[in-house]
Amino acid sequence: MTARVRKAVIPAAGLGTRFLPSTKAIPKEMLPVVDKPAIQYVVEEAERAGIHDILMVTGRNKAALEDHFDRHWELEQALERKGDHMRLRRVQKSANLGNVHFIRQGEPRGLGHAVLCAKTHVGDAPFAVLLGDDLIDQRDPLLDSMIETQERYGGSVVALMEVPEDQIHLYGCAAVSSIDGADEQIVRVDSLVEKPAIGEAPSNLAIIGRYVLAPEIFEVLQHTGPGRGGEIQLTDALLEMAADPQRPGGGVTGVIFGGRRYDTGDRLDYLKAMVRLGVRHGDFGADFRAWLTSWIDSDEGRGRLVDADRAGEPEQHGG
Ligand code: G1P
């Protein structure tokens, strides 16, 4: 198993504008999902897949990420003195998650450019890329099957998920065909388009934020010009790889994911992720579920009180 993917890259340089003002002074990756920062779920996922070398590609104002994955001696000693071993373990856990390295992207030139920043660190072996906005349920081990797929078919591997037609323009989209003898969720990627215009998507298969990439992607990224949104798109570099399966590191395979994914990338989806993960929490999930169920049927849950409150508010006209 020498070819096993050993390094992961986590792009984390985004400004988090969708969450302003919460992200004015803290990185969006540090926003809590139930009781852990979103980024910790992603690092834990990589660890579970046997990847202990993690490179975060960050930017300005991301110092909190480095602190989070570092020891905090004062806090640890204070908890130790109080005999609060449960919290001590929680604090230590985030510092004991593999080897987390940091590099800065410098200029916000897109996901493809962020991945290119990892070139020297990654070297010449296949590596994983995990995007922090997508959390994958730990009961549905997607990364393992992507790594196995890369070992079997070579080239690069993307995670795909069926999304409703009116959502596909928010994602990279793949045109795929079946592979003889493979499970039906393993497909050949024939073509890719980044955020297709409405009505022009070749399928309803969206790229979700997990990739296993051949190191030759770096050479392609070096000459990939700005694409959608004026940014250097990873999707565009992968399209070049998909179009030429014979080149070194060429060919792209898709793993169609049917498991549980939690999107923390926009405010509404973030709230949904909190509820779905909150009801599963070992300490208070059952209580939260019971409360939620009865709240849904309450006047407030049905929106009656909210409507009444609104009716009582003076109407706001104009801006
Ligand atoms: C990025 C990729 C896109 C992919 C998405 C998954 O877009 O460019 O292809 O579908 O992540 O979350 P972003 O969400 O950063 O705009």
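For the structure, see preceding data.
Here's what I pulled together on the structure shown here. As the structure is a computational prediction, the values presented were derived from the model and not from experiment.

In the structure shown here, the tally under the stated rule is 20 salt bridges. Of the charged contacts, one joins Asp144 and Arg4 as a salt bridge, the two residues approaching to 3.1 Å between their closest N and O atoms. Taken together, the residues Asp144 in helix α7 (residues 142-153) and Arg4 in the segment before β1 (7-11) connect sequence positions 140 residues apart. A salt bridge links Asp283 to Arg90; the nearest nitrogen and oxygen atoms lie 3.6 Å apart. Placement of the pair is Asp283 in the loop between α10 (267-278) and α11 (285-296) and Arg90 in helix α4 (residues 85-95), with a sequence separation of 193 residues. Asp283 sits in the exposed class, given a relative accessible area of 57%.

With that out of the way, let us pick up the nonpolar core. Counting residues in each nonpolar core, the largest one holds 44 residues, and the members touching the most others are Met56 and Leu143. Looking at this core element by element, the count peaks at six residues for helix α1 (residues 38-48).

The next thing to look at is the site of the ligand. Taken together, Leu111, Leu131, Asp134, Tyr171, Gly172, Glu194, Lys195, Ile207, Tyr211, Gln233 and Thr235 make up the full set of residues near the ligand. One of the backbone N or O atoms of Gly172 is found 2.9 Å from an oxygen atom in the ligand. Measuring from an oxygen atom of the ligand, one finds a side-chain N or O atom of Glu194 at 2.7 Å. Among the residues making up the shell around the ligand, the classes are represented as five nonpolar, three polar and three charged.

What counts, and where the lines are drawn
- Residues numbered from 1 in each chain as written.
- Predicted model: local features only at pLDDT ≥ 70, side-chain atom pairs only at ≥ 80, totals over all residues.
- Heavy atoms only, no water.
- Salt bridge = Lys/Arg side-chain N within 4 Å of Asp/Glu carboxyl O.
- Helix = DSSP H or I, 4+ residues; strand = E, 2+ residues; numbered from the N terminus.
- Buried < 20%, exposed > 50% of the residue type's maximum accessible area, 1.4 Å probe, protein only.
- Core = buried A, V, L, I, M, F, W, Y, C linked by side-chain atoms within 4.5 Å.
- Near = heavy atom within 4 Å.
- Polar contact = N/O pair within 3.5 Å; in protein donor to acceptor, adjacent residues only side chain to side chain.
- Nonpolar A, V, L, I, M, F, W, Y, C, P; charged D, E, K, R; others polar.

Everything listed here is a matter of coordinates, which is why it stays silent on function.
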